[in-house]
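Observations on the model geometry
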Amino acid sequence: MHSKLLQLDKRLQEIDRLLSAEDATRDMNRYRALGQERAEIEPVVSRFGEYRKAQADELAAQEMLSDPDMKALAEEEIHGARAKLTNLEDDLQRLLLPKDPNDERNVFLEIRAGTGGDESALFAGDLLRMYLRFAERNRWKTEMISESASDLGGYKEVIVRIEGQGAYSKLKFESGGHRVQRVPETEAQGRIHTSACTVAVLPEADEINDVKIDPTEIRIDVYRASGAGGQHVNKTESAVRITHLPTNIVVECQDDRSQHKNKERAMKVLAARIKDKQVQEQQKKEASQRKSLIGSGDRSERIRTYNFPQGRVTDHRINLTLYKIDAIMDGDISELSQALTAEFQAEQLAALGENG
């Protein structure tokens, strides 16, 4: 670890020299890439500087031990420096963990009603609101891509694009089965029902580098949009359905009045789904005996239960239960997100320890 930190320290000095050169902005792509690299390694080097200072403080305190008048103070300073070194070492290990290349990407959030009929669709609507409120708290932009509303409100299926810094990093552990336990408004006997939805969080694909879609491998159907929309609905075939023949992935989009815009949006969702499928297949190939529970992204896995009568939300992957269901349903999911990230990092560190 120490040699890696020394390399990063040296690299930061080199980047600073390159960025301050007279001709630094001649190649703007390279200038931006260097700026991005600097932003990534500067926090690590800064923490390494604190670590080295704590080491120097401990050494200076060790030298004072021989002076009887200073011994008590020296022991106190040594104790403080060692505690600080332990904390900084943990921080540095975390900062050196391999970064997920998708962490800063925008996402497509897909929510589908599952078992439970109308109640499941209503819960899909509640989950959508929860994520939209979370996006609002993070000052992210949201755009409705596709929606299939249910009769009583809520959604059979809904897809939203979320754009903003760190969107994927904060939402990536939301993929999986979400279960709700509550008394539906339509239930006269006051009995608690259980229903479920599935959530998929897909990083937006870089259309140039990530996924190559062969035009001969897709089928595009256009049809009239359904649902509210007045006379216009019956006149124009603006809705688009794209089928990717090799994978049989189907994407529909009818939210815009422009067929061109609907096609453009559907292609972006298709690229994200193809990329996601490739990643899932790759993870299955690489899956070792020590499978990461949190990072597996298995859509069929039940990850969380929302129990309204007891006011609790339980994440089954890390056995975390929070008794603040109203706040969580209003988009306050940071505590869940941070706990899942911390547990995932702990798994990564344990895996590094095993391999090291």
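For the structure, check the block above.
Residues numbered from 1 in each chain as written. Predicted model: local features only at pLDDT ≥ 70, side-chain atom pairs only at ≥ 80, totals over all residues. Heavy atoms only, no water.

1. Considerations on the overall build of the protein
- If you tally the helices and strands in the protein, you get nine helices and 11 strands.
- Among the 356 residues that make up the protein, the fraction classed as buried is 38%.
- Long-range contacts, defined here as pairs at least 24 residues apart, represent 61% of the contacts in the protein between residues at least 6 apart.
- Carbon and sulfur atoms form 47% of the exposed surface of the protein, whose accessible area is close to 20500 Å². (Helix = DSSP H or I, 4+ residues; strand = E, 2+ residues; numbered from the N terminus. Buried < 20%, exposed > 50% of the residue type's maximum accessible area, 1.4 Å probe, protein only. Contact = heavy atoms within 4.5 Å. Areas by Shrake-Rupley, 256 points an atom, 1.4 Å probe, with all protein chains shown as cover.)

2. Some details on the packing of helix α2 (residues 28-64) against helix α3 (residues 71-95)
- It is the contact of α2 with α3, at a shortest axis distance of 8 Å, that shows an interaxial angle of 160°. Here α3 runs roughly antiparallel to α2, going by the angle between their axes. For the element pair α2 and α3, the recorded crossing hand is left-handed.
- When grouped by side-chain class, the residues that make up the contact of α2 with α3 number 14 nonpolar, two polar and nine charged. (Axes fitted to C-alpha atoms, helices over the stretch in contact; angles between N-to-C directions. Parallel < 35°, antiparallel > 145°, perpendicular 65-115°, else oblique. Left-handed = near helix turned anticlockwise from the far one by under 90°. Nonpolar A, V, L, I, M, F, W, Y, C, P; charged D, E, K, R; others polar.)

3. Quick notes on the sheet that holds strand β8 (residues 249-253)
- Spatially, three strands are ordered β6-β7-β8 in an open sheet, and the strand pairing comes out antiparallel. The open sheet has two free edges, formed respectively by β6 (218-223) and β8, since each of these has just one partner strand. Taking the axes of each pair of neighbouring strands and ignoring which way they run, one obtains an average angle of 15° across the sheet.
- By the bridge criterion, six bridges tie β6 to strand β7 (residues 239-244) in an arrangement that is antiparallel. Looking at β7, one finds that Arg 219 is bridged to Thr 243. (Pairing = 2+ DSSP bridges.)

4. Observations concerning the pairing of strand β3 (residues 155-163)
- Two elements, strand β1 (residues 107-113) and β3, share six bridges in a ladder whose sense is antiparallel. Looking across to β3, one finds that Phe 108 is bridged to Arg 161.
- Across eight bridges, strand β2 (residues 141-149) lies against β3 in antiparallel orientation. Bridging from a neighbouring strand, Lys 141 pairs with Glu 163 of β3.

5. Points about the sheet that holds strand β10 (residues 312-315)
- Taken together, eight strands build an open sheet; the order of strands is β2-β3-β1-β5-β4-β9-β10-β11 and the sheet is mixed. At either margin of the open sheet sits one strand with a lone partner, and together these are β2 and β11 (320-322). Direction aside, neighbouring strands of the sheet carry axes that sit 15° apart on average.
- Across the face of the sheet, helix α4 (residues 117-137) comes into contact with β1, β2, β3, β4 (176-182), β5 (193-203) and β9 (302-307) while running at roughly 115° to β4.

6. Thoughts on the environment of Val 183
- Structurally, Val 183 can be placed in the loop between β4 and β5.
- Sequence separation of Val 183 and Pro 309 is 126 residues, and the distance between their C-alpha atoms is 7.9 Å.
- Here Val 183 is in contact with Gly 190, Arg 191 and Ile 192, once residues within four sequence places are set aside.

7. Observations regarding α4
- In a regular helix each residue adds 1.5 Å, so 21 residues correspond to 30 Å; α4 covers 31 Å between its end C-alpha atoms and thus fits that length.
- Among all positions of α4, only Glu 119, Ser 120, Ala 121, Phe 123, Ala 124, Gly 125, Leu 127, Leu 128, Met 130, Tyr 131, Phe 134 and Ala 135 are buried.
- Taken from the residues just after α4, Arg 139 is the one with a positive phi, measuring 60°. (Expected span 1.5 Å × (residues − 1).)

8. What to know about the packing of aromatic side chains
- One pass over the full model with this rule turns up three aromatic pairs.
- Ring centres 5.3 Å apart and planes at 65° place the aromatic pair Phe 123 and Tyr 306 in the edge-to-face group. Placement of the pair is Phe 123 in helix α4 and Tyr 306 in strand β9, with a sequence separation of 183 residues.
- Taking relative accessible area as the criterion, Tyr 306 reaches 0% and is therefore assigned buried.
- Consider the rings of Phe 134 and Trp 140, whose centres lie 5.6 Å apart with planes at 90°: the pair is edge-to-face. Assigned by exposure class, Phe 134 and Trp 140 land together as buried.
- Taking NZ or CZ as reference, Arg 182 lies 5.0 Å from the ring centre of Phe 308, over its face.
- The ring of Tyr 223 has Arg 241 lying over it, and the distance from NZ or CZ to the ring centre is 4.6 Å. (Phe/Tyr/Trp six-rings, centres within 6.5 Å; stacked < 30°, edge-to-face > 60°. Lys NZ or Arg CZ within 6 Å of the ring centre and 35° of its normal.)

9. Quick look at unusual backbone geometry
- One non-glycine residue, Arg 139, adopts positive backbone phi at about 60°.
- The residue Asn 248 is not glycine, and still its phi comes out positive at about 65°.
- Structurally, the position occupied by Asn 248 is in the loop between β7 and β8.

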